[in-house]
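The chain contents come next:
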Amino acid sequence: MKLTVNDSIRTVETDPDTPLLYVLRDDLELHAAKYGCGLGQCGACTVIVDDKAVFSCVTPISLLEGRRITTLEGLGTVERPAPIQKAFIEEQAAQCGYCIAGMMMRAQALLLRDPNPTDSVIRAALEPHLCRCGTHMRIVKAIRRAAELLRTAPVSTKRAI
Amino acid sequence: MTKHKLMAFVTLCGALTAVTIALVYEPSIDPVDVSAVGFDAALVQKGADLATIGDCITCHTSPGGKSFAGGLPLKTPFGTIYSTNISPDPETGIGHWSEAAFRRAMRRGVAPDGKHLYPAFPYDHFTLVSDDDDKALYAYLMTRQPIHALSRTNELSFPFNVRFLLAGWKMLFLGSGPFKPDPAADPIWSRGAYLVLGIGHCGACHTPRNILGAEKAQPFSGGEAEGWQAFPINSASLSPVPWTEESLKVYLRRGWHELHGVAAGPMAPVAENLSVASEDDVRAIAVYVASGMGRPFDGIESGGRTGATRPSGNGSKPQSGGSQTVPGAPDGDIGARIYASTCATCHESGRAMPYGGIDLSLSTLLSAPSSRNFMRLLLDGLPATDGRKAPIMPEFSAILTDEQAIAIASYVRSHFGNKPPWQDVSVRLREARDDQAAAPLSSAADHRPAANK
């Protein structure tokens, strides 16, 4: 089966009923998305499909033929972080970091829809995500900073996902 | 002769006009300075309990807005009506309303200045509320935080924007309260009837409406609310397992029941309010509603479905997902495959609610004649509730294409609902998608009722 992941077409020899999360981590060695609850209730596995955030742990790859899948690795690299990654680093929004990749993907999807979200909109959008460390205030700040960075960034660095 | 006829005609016209004016006209009631009035704490508490059952805060608060400041748009077949500010702000709320003016609004749907109110404010139910309870509700509302917020202008087309015509509507459809209990009836049942028919205004959603927006004489046989079907809550109940007083009480207070499912859509805030209402009152409501559903069954009707095969209790199964798929998905049926690989993770997990999803053969959604509620639930999921233990379901709108959503609907309808295929899946899916796209991002916490105490 062919999947479009981070703009490249990948062939996987896995049962089509397999959740995307397992395919990303085990077959494609993309480890940003995390296994948290396996039930779509904690948000750690969140990736972007087309332009919306989805839980990869409850999404079998059979549903994804022809869809564009973006993981955190697809946004930026350590050398060239995307605005959302830069903002999370600058605000030091991670403590243990397990939930953060999912949070960033949800935030990225939010900013695609609403480039200037209010705090209440950010909180509402991030509601499906759990963080046990308690960095929530920093996460909200980081998303505000990312919105600012995206607004002022040169067009070439804005990933069109 | 001709002169006499003319005289008669003029007299008749004059009389008709006088009668019309007498029927339409309502005097204004003078404003009062409520700040000078003290309210007894026990009375305020009684009003708080009634307002909770009446769900006042849900319609009179906009998403993310201040409690009771109004502004929630209510879409009706006649246009959009915005709820009003019922906080005690003197300029924009009801701060200058006297108790007599408040009682007239509740009983006859008239504002203090004599203007007729739209029955989106369900005074056809509130007319049944007793004088004493109106007094308590008044005390409660007058002691809330005053919020300065102008009400938005309704968007109604002609002739629905002409308020005096509502006098005619009232002549046709407004009975006159207050509620008169049957002295021979069980007092708990009577209390339930009073709450359900009056302040609880359950029929506002659960009773079908006629072309003029009034409830038909088929109480509780199913209506609609905000794009959702409000299921029948009488003998025509669609629930695969019959409701009992006890299951209704648990459902209304907790927002879900393992044999019936979850209060979703516009029923969610109702249950959230009832979770803090007086337990005796919720029991009375359950007793009354259950009595209208016919003989309580023992939970073994409907093909022996009881849901009792599932383990229950906290920790009886691990809470994280184990094997992500259910083996043996039938080949060929796309809906069956998607169900097995996506839905069964929770719905056949063997974990009791709220940690697992409901056994879909118990779900009322799947026996309903329309796919409306199913499509909304499938797309929106069930967001986490604030501070209460309740099932969560991820939203699937982003992941499912229209074809995939329809395939799931067809499969679960026939496999678990055991019913002929829904005829309206495409149109209901479109409606649900459009409404979801139009909905502002807001938090469940934004809809949380403010502390009543």
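Here the structure is a predicted model, which means the values were calculated and not measured.

**Q** Which residues make up the sheet that holds strand β3 (residues 155-156) of chain B, and what are the values?
**A** Residues and elements named next belong to chain B. An order of β1-β2-β3 is seen for the 3 strands of this open sheet, with the pairing classed as antiparallel. Bordering the open sheet on either side are β1 (73-76) and β3, each of which pairs with just one other strand. Where strand β2 (residues 79-82) meets β3, 2 bridges bridge the pair, whose relative direction is antiparallel. The partner of G79 across the bridge, within β3, is L156.

**Q** Residues and numbers for the interface of chain A and chain B, please.
**A** Taken residue by residue, the interface counts 32 residues in chain A and 30 residues in chain B. Both faces combined, the contact of chain A with chain B buries some 2300 Å², and carbon together with sulfur accounts for 56% of it. The three residues of chain A that bury the most area against chain B are A:D17, A:L39 and A:L63, which together make up 27% of that side's buried surface. Put simply, chain A and chain B have 2 salt bridges between them. For A:D15, the salt bridge goes to B:R337, with nearest N and O atoms at 4.0 Å. Here the side of chain A that touches chain B is composed, by residue class, of 19 nonpolar, 6 polar and 7 charged.

**Q** Would you mind going over the domain arrangement of chain B in detail, with residue names and values included?
**A** Residue and element names in this part refer to chain B. The domain architecture assigned to chain B consists of domain 1 (26-178) and domain 2 (194-452). Three residues stand out in domain 1 for area buried against domain 2, namely T52, I53 and H125, and they jointly supply 27% of the buried area on that side. The tally of links between domain 1 and domain 2 comes to 7 residue pairs in polar contact (both at pLDDT 80 or more). Those elements that place two or more of their residues in the side of domain 1 that touches domain 2 are α2 (41-54), α3 (56-59), α5 (123-126), α6 (131-142) and α7 (166-173). Broken down by element, the side of domain 1 that touches domain 2 gets its largest block of residues, 5 residues, from α2. Across the side of domain 1 that touches domain 2, the residue classes break down as 16 nonpolar, 7 polar and 4 charged.

**Q** Now, about the packing of helix α2 (residues 83-90) of chain A against helix α5 (residues 136-152) of chain A: what can you tell me, with residues and values included?
**A** All names here are of chain A. At a minimum axis distance of 8 Å, the contact between α2 and α5 shows a crossing angle of 135°. With respect to each other, α2 and α5 are oriented oblique. Note that α2 runs across α5; the crossing there is right-handed. Along the contact surface, α2 presents P83, I84, K86, A87, F88 and E90, while α5 presents I139, A142, I143, R145, A146, L149 and L150.

**Q** How would you sum up the packing of aromatic side chains? Please name residues and give values.
**A** To describe a pair of aromatic rings, you give the distance between the ring centres and the angle between the ring planes. Residue and element names in this part refer to chain B. As enumerated under the stated definition, the model contains 16 aromatic pairs over all chains in all. On the basis of an interplanar angle of 45° and a centroid distance of 4.7 Å, the ring pair of F78 and F160 is categorised as tilted. Highlighted residues: F78 in the loop between β1 and β2 and F160 in the loop between β3 and α7, separated in sequence by 82 residues. Where F121 meets F126, the ring centres are 5.4 Å apart and the plane angle is 70°; that geometry is what we call edge-to-face. Residue F126 is classed as buried on the basis of its relative accessible area of 6%.

Rules of the game
- Residues numbered from 1 in each chain as written.
- Chains lettered and ligands numbered in written order.
- Predicted model: local features only at pLDDT ≥ 70, side-chain atom pairs only at ≥ 80, totals over all residues.
- Heavy atoms only, no water.
- Pairing = 2+ DSSP bridges.
- Helix = DSSP H or I, 4+ residues; strand = E, 2+ residues; numbered from the N terminus.
- Contact = heavy atoms within 4.5 Å.
- Buried area = accessible area lost by both parts, 1.4 Å probe.
- Salt bridge = Lys/Arg side-chain N within 4 Å of Asp/Glu carboxyl O.
- Nonpolar A, V, L, I, M, F, W, Y, C, P; charged D, E, K, R; others polar.
- Domains from an automatic or database assignment.
- Polar contact = N/O pair within 3.5 Å; in protein donor to acceptor, adjacent residues only side chain to side chain.
- Axes fitted to C-alpha atoms, helices over the stretch in contact; angles between N-to-C directions.
- Parallel < 35°, antiparallel > 145°, perpendicular 65-115°, else oblique.
- Left-handed = near helix turned anticlockwise from the far one by under 90°.
- Phe/Tyr/Trp six-rings, centres within 6.5 Å; stacked < 30°, edge-to-face > 60°.
- Buried < 20%, exposed > 50% of the residue type's maximum accessible area, 1.4 Å probe, protein only.

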